[in-house]
Amino acid sequence: VAVDLREHVHYSIRFEELVNSDTTILTYLTDGILLQEAMRDPDLTKYSVVILDESQERTVNNNILMGLRKGIIR
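Predicted, not measured: the structure shown is a model, and the values here were computed from it.

Q: Provide a residue-level description of the pairing of strand β1 (residues 9-13), including the pertinent values.
A: Residues His 10 and Ser 12 point to one face of β1 and are all buried, whereas Val 9, Tyr 11 and Ile 13, pointing to the other face, are not buried. Across four bridges, β1 lies against strand β3 (residues 26-29) in parallel orientation. Among the inter-strand pairings, Ser 12 is bridged to a residue of β3, identified as Leu 29.

Q: Any chance you could break down helix α2 (residues 31-40) for me, citing the residues and the numbers?
A: Residues of α2 that are buried include every one of Ile 33, Leu 34, Leu 35, Glu 37 and Ala 38, and no others. Here the buried face of α2 lies against β1, β3 and α3 (60-73).

Q: Please set out the layout of surface pockets residue by residue, giving values where relevant.
A: Taken as a whole, the largest pocket holds about 780 Å³ of empty space. Along the walls of the largest pocket sit 26 residues, with Thr 27, Tyr 28, Leu 29, Val 50 and Ile 51 positioned nearest its centre. Going through the elements one at a time, β3, α2 and α3 are the ones with two or more residues in the lining of the largest pocket. Per-element accounting of the lining of the largest pocket gives the leading share, four residues, to β3.

Quick notes on the rules
Residues numbered from 1 in each chain as written. Predicted model: local features only at pLDDT ≥ 70, side-chain atom pairs only at ≥ 80, totals over all residues. Heavy atoms only, no water. Buried < 20%, exposed > 50% of the residue type's maximum accessible area, 1.4 Å probe, protein only. Helix = DSSP H or I, 4+ residues; strand = E, 2+ residues; numbered from the N terminus. Pairing = 2+ DSSP bridges. Contact = heavy atoms within 4.5 Å. 1 Å grid on protein atoms, 1.4 Å probe; cavity = no way out; pocket = protein on both sides within 12 Å on 5 of 7 lines; lining within 4 Å. Points joined across faces, edges and corners; volume = space filled by probe spheres on them.

These figures come from the coordinates and say nothing about function on their own.
See below:
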């Protein structure tokens, strides 16, 4: 299946962002950007699924995101 990823994948990293909110089905964010989103919307209502990759790397951002995730699930 030929798919133009720029139409369906949104990414946001520190100094660069590609957004097309009408057709986005997958969003890739760094832990810092996701943390900023969580500060604006603690329940992350904009997302139906959140996958925290590389959570074994115990950074401050990852620890905070894991705690927020636990609160959202409850």
